[in-house]
Amino acid sequence: MDHATLVFASVFPVPSLSHTTPTPVATPDLGHTAPGSSFGGPFIGNAGGAQHRAVKRTQAWSTATRFLSLPNNPGSGTRRSQRSADVEGALYYLLVGEGKSEEGEKGLLEWYTNEARLHFASFVKPALKELWEKEVELRTAWDVLDETQRTLEQVQNFYLQPFNDHILPFLHQDATNKTIRASQLSQTADIELMDAASWKFERHIHAVFAHCLPPKRFSKTLSYILYDAGCRLFRFYVRQDGVQPSTTPESTREVRDRMTALLSGLERVGLGGNNAQRAFAHAMNQLLETFIASHYLKVDWFSKRSIVPDLRVWVKDGFCPLVELAMECLRCDASDVQPTELKQWQEMALARLGRGRVANLFDFVIHWDRSLGAILDLKDYLKLDGAKQYLTSNFSQQISRRLLHPGATTTYILNVYISIIRAFHKLDPKGVLLERVARPIRRYLKEREDTARIIISSLLTDPDDEVGNTKFASSGELSYEIAMEMKKPFANREEADEEFNWNDLNWQPLPNDASPDYKKSKVEDVIHFLLTIWDKEDFINELKNILGDHLLRCQDLEYEKEIRLLELIKVRLGDEKLQACEVMLRDVLESKRINGTIHATGDVLTPEDQGQQPETPAGPGPRQPRPHRPTSSVPSHLTPSTPILKPPEGPTLNAQILSSFFWPILRDEEFRVPAQIEALQKEYESRFERIKGMRKLRWMNALGDSTIILEFEDRTEEFEHLTPWQVSVAYAFQPQPGEERAAGGKGKKGEGITRNVEQLEEMLQMDEGLVHQALAYWVGKSVLRAVSPDTYTVIERLDSSTKDSDAAAAAQELAEVQAAQTTTVKSQADLLNEKKDVYTSFIVGMLTNQGNLPVMRILMMMRMLVQGGFPFGAEELRGLLGDMEGDGKVVSLGADVWGIRK
Amino acid sequence: MKVTIKEWNAVAAWRWDMPDDDVCGICRNPYDSTCSKCKFPGDECPLLLGECNHSFHMHCIFSWLRQESSQEKCPMCRQPFKSKSQEAPAEADAQTQTQQPETSPL
Ligand SMILES: [Zn+2]
Ligand SMILES: [Zn+2]
Ligand SMILES: [Zn+2]
């Protein structure tokens, strides 16, 4: 064996070519040099010996790897200084000379790469592993990343330095030499080759670095610090991570510099790749979310403007620059982070904002129009694809959850519906969205039986009426919002006429190409929406009942609101079905004129003719003012010796003359009115019949009202707006002829006439229920008090009965409840009850003659054959049959068939 | 106690003095309603009683009689139709015409 080779080999053991041995410290491997073979000079190529090349390569390898091997301590700097000639030769030989790796041989570059990897695994990785072992806490995230970056950059430099100093120059030199003979083009190619080697080496190291960090944890931590930086830069105070921002203002410059330094640093050590980009995208996403939830984008309740422009500006001037900065630091390929366009970011932000607003849309509607700003935000949002669909389906859910349930009063639902109409008109003037979201509300309102009454009564109420104001509670029976609509001037009467067709059941919102003004007139019309909830006929029937009741109670004899309402309904619904309503209104207006005419035909309708009036059980008519009973025991200053009011000249009878055919069925309880009124009625009647030939009048004493003055021993009081039966009952508590002396006995002070219920029923021929109602009213007014059950007496002196004030209060409450339940129009149930006997005997007769019949058949027969018709449905008929079954008259045979009980 | 009635506002319903539930033989509407052309009952759409004791809305019988085919006969009994009332039908018609506009509330 060549001596030199042996010596060389003994000092620098030839490394195994497995590359697992970092430095030439292994035992010499002599295997490649056969004994006795010749040993040539280091740079002499010898065609005769592959073996010789192997030995030479082994020697050079040994020299080079020893020189390039990495010290144990990455911090120990530049131990390796100058290349000796040996090293120079070995490196040249291995990198660009004949010793360049051939097929099956390991190259020096690969060896060095491996050397770096092994070095990293032994000396750097453990420390980093420890750093990343556990979940990184938020407060240490910045430090952990900083330290990781610093460490990696340091070792990267440590690995790169030998590479740059001792490997690259050879490659470079080689490339330059070649170019002397070559074209410009090939030089570039060779230099590229050199760069490729450098790039490849770096990539290997970066892969080693990245591999040592837990990818998810790293990504999460990076994402966090990006989010944190964003929050600090934009001064967000409410953060998704729950971190309380520092109260002292931070320098955004510092935050920005720290962030860019870290990101650039991470990029330099190869941590700016996909993982970092994902982290970055995630952070930007959160940042957007945080901004949208921040106080900067709160609904503008005060100036009621949209904040969408603010959002756009922020995306343009705040968010996008940050994205660009971060992308630059991480050297992201622009196409890797989506979206990249400003417009796309803005739309994405707007979509987020819009969804947030939609989630609270019901509340915005309730607070219309203070919420105008939010609605305007949504208006921008609706321009995005899919936004309309999202809004309608989401809002429909809110409606069914929060509005259409039994706990909501009809007034409340109506008020909210009106707010929806108004808010949605702003949102989408074409009315398409409104049509979609309102459909279930309209269906629901239609099913509630009080909807029409509330709408019509509200339209007939002056919202400025102070007395009325308490009635506008959402639990009440009147809607302030509807009442307010009546105050608005009628808009576009002709247009409304042309546009709207009642009979069009498939009403559609206007086409998109309609001009803005054209659309406006219709969609904004709240009353239009309210009146079209029902089929026209159903609505007008309801209107007839309500208007009838209203006209009879109305205190305004000019009927201004009623005239206006009817006008408004005519404008919207056309007037062909409104005959009954018009006749009713005309009746009450005409009545004033008729009264004038009747009174003018002679001054007889004031009670000059009292003398000749018949005695009625209701007691005598008022006579000449009665002299007051001697009240010697009462000091005269306590008792007004004369009535405070001068004796009235007697009542005037005014009448409302109704064309009964057109009115709803009105209550018509009969009872006797005071004799003087009865006389006046007779006179009125005869004059009416004289003026209006062939016509007769029927008095409806359950309707109308009256004002009376009550004079007691110690006081005089006036009562207005009494019902006729209240007056009749009070009237009956006056002494009958011959009774005065007996009752006015000197025995009991302060006690007047006493009557019991039975007597009153008899005297007044009045229904017991009405008698009780009237008595309760007068007890409530401290005019009467109960002395025993069903027996009442006049309180002539108030002081003697103060102890009864509780009873009076209770009675007053009762009377108020009863009054509230009293309407002038009869309910269907009342009607059915009244005619029950007629219907019952008809059914019994029919079933007896014709045998068993199904309900629908019975119904049809009754509608055709019963005198006056049968204005009820199958449900009512079944109820009636059920009652009859209870009485043992008929029997249900199943399948809706009924027969006579045998 | 002494009760003094200061004011009494009553309600009354008017009807034509005809048998209940009877209808005009021409338009089939109840007498208390109007003919098919009128809006308001009563003064504006009065009844006319014939000598044959058949009665109709005045407007109904007038337009019936104007038809050639009616031969001025009562559509119910085919006797020549003559008004029982003293008022000449034409006069009554004129009166209604003038009354209409001023009494309409709407
Ligand atoms: Zn007729
Ligand atoms: Zn007529
Ligand atoms: Zn006839």
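What you are looking at is a predicted structure, and each value in this text was computed from that prediction instead of being measured.

Conventions and cut-offs
- Residues numbered from 1 in each chain as written.
- Chains lettered and ligands numbered in written order.
- Predicted model: local features only at pLDDT ≥ 70, side-chain atom pairs only at ≥ 80, totals over all residues.
- Heavy atoms only, no water.
- Pairing = 2+ DSSP bridges.
- Helix = DSSP H or I, 4+ residues; strand = E, 2+ residues; numbered from the N terminus.
- Contact = heavy atoms within 4.5 Å.
- Axes fitted to C-alpha atoms, helices over the stretch in contact; angles between N-to-C directions.
- Salt bridge = Lys/Arg side-chain N within 4 Å of Asp/Glu carboxyl O.
- Buried < 20%, exposed > 50% of the residue type's maximum accessible area, 1.4 Å probe, protein only.
- Buried area = accessible area lost by both parts, 1.4 Å probe.
- Polar contact = N/O pair within 3.5 Å; in protein donor to acceptor, adjacent residues only side chain to side chain.

Asker: Please give an account of the sheet that holds strand β8 (residues 853-854) of chain A that cites residues and values.
Answerer: All names here are of chain A. A sheet is described by the order of its strands in space; here three strands give the open sequence β8-β10-β9, paired in antiparallel fashion. Here the strands that pair on one side only, and so sit at the sheet edges, are β8 and β9 (890-892). Bridge count between β8 and strand β10 (residues 897-900): two bridges; the pairing is antiparallel. Bridging across to β10, Pro854 finds its partner in Val897. The sheet strands contacting helix α33 (residues 836-850) are β8, β9 and β10, and the helix crosses β10 at an angle near 90 degrees.

Asker: Any chance you could break down the pattern of salt bridges for me, citing the residues and the numbers?
Answerer: Residue and element names in this part refer to chain A. Applying the stated rule across the entire model yields 42 salt bridges over all chains. A salt bridge links Arg878 to Asp896, with the nearest nitrogen and oxygen atoms 2.8 Å apart. Residue Arg878 is located in helix α35 (residues 874-886), and its partner Asp896 is located in the loop between β9 and β10; the two are separated by 18 residues in the primary sequence. Taking the relative accessible area as the measure of exposure, Asp896 reaches 31% and is therefore partly exposed. Salt bridges sharing common partners tie together Glu135, Arg217 and Lys220.

Asker: An account of the interface of chain B and chain A is needed here, citing residue identities and associated values.
Answerer: Contacts between the two partners involve 35 residues from chain B and, on the opposite side, 66 residues from chain A. Summing the contributions of chain B and of chain A, the shared interface buries around 4800 Å²; its carbon and sulfur component is 57%. Considering only the side of chain B, the residues that lose the most area to chain A are Met1, Lys2 and Trp8 of chain B, jointly responsible for 21% of the buried surface there. Where chain B packs against chain A, one counts seven salt bridges. Its salt-bridge partner being Arg586 of chain A, residue Glu44 of chain B comes within 2.6 Å of it at the nearest N-O pair. Counting every contact that joins chain B to chain A gives 28 residue pairs in polar contact (both at pLDDT 80 or more).

Remember that the coordinates give geometry; whether it matters functionally is a separate question.
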